[in-house]
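Observations on the three-dimensional arrangement
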Number of protein chains: 2
Amino acid sequence: MQPTPDFSRGAAFVRGEYLPIAQAGVPLTDWGFLRSDATYDVVTVWEGAFFRLDAHLDRFLASCDRFRLDPGRTRDEITAVLERCVSLSGLRNSYVEMIVTRGQPPWGSRDPRLAVNQFYAFAVPYVWIADEEQRQRGLHLRISGVQRIPSSSVDPKAKNYHWNDLTMGLFEALDAQADTVVLTDGAGNVVEGPGFNVFAVSRGVLVTPAEGVLEGVTRRTVIEMAQLLGIAVEVRALPADEVRQASEVFLSTSGGGVLPVTRVDGEPVAGGEVGSVTRQLARTYWEWHADPRYSRPVRYTSA
Amino acid sequence: MQPTPDFSRGAAFVRGEYLPIAQAGVPLTDWGFLRSDATYDVVTVWEGAFFRLDAHLDRFLASCDRFRLDPGRTRDEITAVLERCVSLSGLRNSYVEMIVTRGQPPWGSRDPRLAVNQFYAFAVPYVWIADEEQRQRGLHLRISGVQRIPSSSVDPKAKNYHWNDLTMGLFEALDAQADTVVLTDGAGNVVEGPGFNVFAVSRGVLVTPAEGVLEGVTRRTVIEMAQLLGIAVEVRALPADEVRQASEVFLSTSGGGVLPVTRVDGEPVAGGEVGSVTRQLARTYWEWHADPRYSRPVRYTSA
């Protein structure tokens, strides 16, 4: 008799099978690895419910179309796999990723049209971009000279794993004692960081970059919350200097919602304290998790 | 008793173990997959001998340094793993890849400095970028409007899997009935394609792009052969229009050496026949495989 698999650290769906996360792998020869030829999306589960699952599925299916990747299953079938991963893990707060890779063409061919695409998914414990201390005091952000891969090369609206620029920028930031990094567009504007969008409160207006960024679901949630709360929003180019002079700066991410930034390039943002707009949006973000318009309970089933 | 593993389709080295290629995988949670945070190199074995192994190891170790990845083994230890993969497979003509991935930091951390890097390798049957018919008639190349990821974002000299731009360009080329694609730099110059560098014979001079490209070992071999054969070489920006008006065009790649191009964007290159410089370099390329300066026999050992 096989021992019962232990899904408590996470559960994965790999080519038709549910496996403990530590046993889940992608073939070395899958172009998803060898050419980073893949797309993905991440939805969170908080207190036993998916948050804005529809928005994540919409974007995931759009990313698949953009990169000519086929998940090989319907929206409802994808949802069922994600729910099963969460349910197997038993996690009440979870980070849930869905992935399509190119797979590989028949041996000897290099034609991506002949590849059989592969669908993967996994649910692991909720991932915070910032630890508790960082969330309290606010993050120290570095603005990097590394240029984010431009839209003319890779479409940032379709979620992808092309992160070398972000990772090299992150090394630079960590070496400089910052917590994380935001990259620039080569024209002096900030764009995005590893796993987040960025916002600044500048002359009373909330600003976030328009171009060269992933259209984050949390970014969209922030914009919607601001509109509801009567905070003026501008989606436009955001010069690095404007971030340095802003009265508030924060990040938006599925990995923690609205995360305050209190230092930029070593200098305090305004007074160096978490600002009131940031606090109000962070509070509202978590309140929305209880709203049935955005929240979809996971059915946890045994066996 | 375990059945004897079948390595005939290829052998891989995965976290300390030798496995048949079909069983080799990378963990779903390795940043090498989830952030394409990896580097690699490919060396070939032809008629039982590595070709220019030293040059590939030099570049691989330089790529590791550039991306702050640690193969965790010496140059000689890497060589031993590669040789063992080839030997297990029994392949006389083989495509041999070495890889370092970031691995992953301890759970909850997003600090790449805390990750334990992982070394992988595999040997599979020799991969040709072009099939036999294409090699005879010459490839049909499309010059794409997709911009290759610029050096300001990702260092092209350190070999990496950031290929979405190349893959999207390849789809475009295949849809247009071309065989493969070369990308441009956003300023009207060609740079590189999926797995190859490009050369043009223009007004009697052999030209290959200087910037924005991988410094291919086959590219370097072509330059060295040309110098020996008394062919003038210029390493500089190569405008797309100059490629269209060239008297000869070819690709250089570990996946077949010197591969003729006889059509560019649907139009024949000069007379549409494989040119004499291309033929001479292709012949010399294979001759060099027997030269002990470049060739290192694989020790095939049983068990």
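The structure presented is a predicted model; accordingly, all values stated were derived computationally and were not measured.

What to know about the domain arrangement of chain A
Residue and element names in this part refer to chain A.
- Parsing chain A into structural domains produces domain 1 (11-125) and domain 2 (132-288).
- Measuring from the centre of the C-alpha atoms in domain 1 to the corresponding centre in domain 2 gives 26 Å.
- With 19 residues of domain 1 in contact, the opposing surface of domain 2 contributes 20 residues.
- The junction of domain 1 with domain 2 conceals about 1800 Å² of combined surface from both sides, 59% of it contributed by carbon and sulfur atoms.
- On the domain 1 side of the interface with domain 2, the three residues burying the most area are Y40, R52 and R59, jointly 37% of the side's total.
- Counting every contact that joins domain 1 to domain 2 gives two salt bridges.

Considering the packing of helix 2 (residues 53-66) of chain A against helix 3 (residues 75-89) of chain A
All names here are of chain A.
- Orientation of helix 2 relative to helix 3, taken along the N-to-C sense of each, is 120°, at an axis distance of 11 Å. Classified by the angle their axes make, helix 2 and helix 3 are oblique. Our pair here, helix 2 against helix 3, has a crossing hand that is right-handed. Taken together, the residues of helix 3 that come into contact with helix 2 (itself represented by L53, D54, L57, D58, F60 and L61) are R75, I78, T79 and L82.

With respect to the interface of chain A and chain B
- Contacts between the two partners involve 56 residues from chain A, matched on the other side by 57 residues from chain B.
- Of the roughly 4900 Å² buried where chain A meets chain B, counting both sides, 65% is carbon and sulfur surface.
- A per-residue breakdown of the area chain A buries against chain B is headed by L28, F33 and R110 of chain A, which together make up 15% of the total.
- In this structure, the connection of chain A to chain B is made through four salt bridges.
- Linking D175 of chain A and R113 of chain B is a salt bridge whose minimum nitrogen-to-oxygen distance equals 3.5 Å.
- Viewed at the interface, chain B and chain A are joined by 21 residue pairs in polar contact (both at pLDDT 80 or more).
- Those elements that provide at least two residues to the side of chain A that touches chain B are strand 1 (11-14), strand 3 (25-27), helix 1 (31-34), strand 6 (94-101), strand 7 (118-125), strand 8 (139-147) and helix 5 (164-175) of chain A.
- Here the side of chain A that touches chain B gets eight residues from one element, more than from any other, and that element is helix 5 of chain A.

Some thoughts on the nonpolar core
- L28 and F122 of chain A together with L28 and F122 of chain B are the most contacted members of the largest nonpolar core, which totals 60 residues.
- With residues near it in sequence (within four places) discarded, L28 of chain B still touches A12, V14, A24, G25, V26, Y120, A121 and F122 of chain A together with F33 and L34 of chain B.
- In terms of nonpolar packing, the next biggest core, distinct from the first, is built from 54 residues, V45 and I149 of chain A together with L53 and C85 of chain B among them.

Here's the deal with the sheet that holds strand 2 (residues 17-20) of chain A
Residues and elements named next belong to chain A.
- Taken in spatial order, the seven strands line up as 2-1-7-6-4-5-19 in an open sheet, and their pairing is antiparallel. In this open sheet, the two strands that pair with only one neighbour each are strand 2 and strand 19 (295-297). With direction set aside, neighbouring strand axes in the sheet form an average angle of 25°.
- Both strand 1 and strand 7 contribute to a ladder of four bridges, which runs antiparallel. Bridge pairing in strand 7 links A11 to A123.

Describing the pattern of salt bridges
- This model, assessed by the stated rule, comprises 50 salt bridges over all chains.
- D155 of chain A is paired through a salt bridge with R66 of chain A; the nearest N and O atoms lie 2.8 Å apart. Within this pair, whereas D155 of chain A is found in the loop between strand 8 and helix 5, its partner R66 of chain A is found in helix 2, the two being separated by 89 residues in sequence.
- What makes D155 of chain A buried here is its relative accessible area of 18%.
- A relative accessible area of 40% means that R66 of chain A is categorised as partly exposed.
- Taking the shortest distance from any N to any O, the salt bridge between R296 of chain B and E83 of chain B comes out at 3.7 Å. One end of the pair, R296 of chain B, is in strand 19 (residues 295-297); the other, E83 of chain B, is in helix 3 (residues 75-89), with 213 residues separating them in the sequence.

Thoughts on helix 5 of chain A
- Under the 1.5 Å per step criterion, the end-to-end length of helix 5 of chain A is 17 Å for twelve residues, consistent within 8% with the ideal 16 Å.
- Burial runs high along helix 5 of chain A: ten of the twelve residues are buried.
- Of the positions making up helix 5 of chain A, those classed as buried are N164, D165, L166, T167, M168, G169, L170, F171, A173 and L174 of chain A.
- Buried-residue contacts for helix 5 of chain A involve strand 8, strand 9 (180-184) and strand 11 (192-193) of chain A together with helix 2 (53-66) of chain B.
- Looking one or two places after helix 5 of chain A, you find Q177 of chain A, whose phi comes out positive at around 70°.

Some words on the relation of the copies chain A and chain B
- Superposing chain A onto chain B requires a rotation of 180° together with a translation of 0.0 Å along the rotation axis, leaving an RMSD of 0.0 Å. Considering both components of the superposition, the chain copies are consistent with a two-fold axis.
- Of the residues that chain A buries at the interface, 100% are likewise interface residues in chain B, meaning the two copies contact each other through the same surface.

The rules behind each value
- Residues numbered from 1 in each chain as written.
- Chains lettered and ligands numbered in written order.
- Predicted model: local features only at pLDDT ≥ 70, side-chain atom pairs only at ≥ 80, totals over all residues.
- Heavy atoms only, no water.
- Domains from an automatic or database assignment.
- Contact = heavy atoms within 4.5 Å.
- Buried area = accessible area lost by both parts, 1.4 Å probe.
- Salt bridge = Lys/Arg side-chain N within 4 Å of Asp/Glu carboxyl O.
- Axes fitted to C-alpha atoms, helices over the stretch in contact; angles between N-to-C directions.
- Helix = DSSP H or I, 4+ residues; strand = E, 2+ residues; numbered from the N terminus.
- Parallel < 35°, antiparallel > 145°, perpendicular 65-115°, else oblique.
- Left-handed = near helix turned anticlockwise from the far one by under 90°.
- Polar contact = N/O pair within 3.5 Å; in protein donor to acceptor, adjacent residues only side chain to side chain.
- Core = buried A, V, L, I, M, F, W, Y, C linked by side-chain atoms within 4.5 Å.
- Buried < 20%, exposed > 50% of the residue type's maximum accessible area, 1.4 Å probe, protein only.
- Pairing = 2+ DSSP bridges.
- Expected span 1.5 Å × (residues − 1).
- Least-squares fit on C-alpha atoms with pLDDT ≥ 70 in both.

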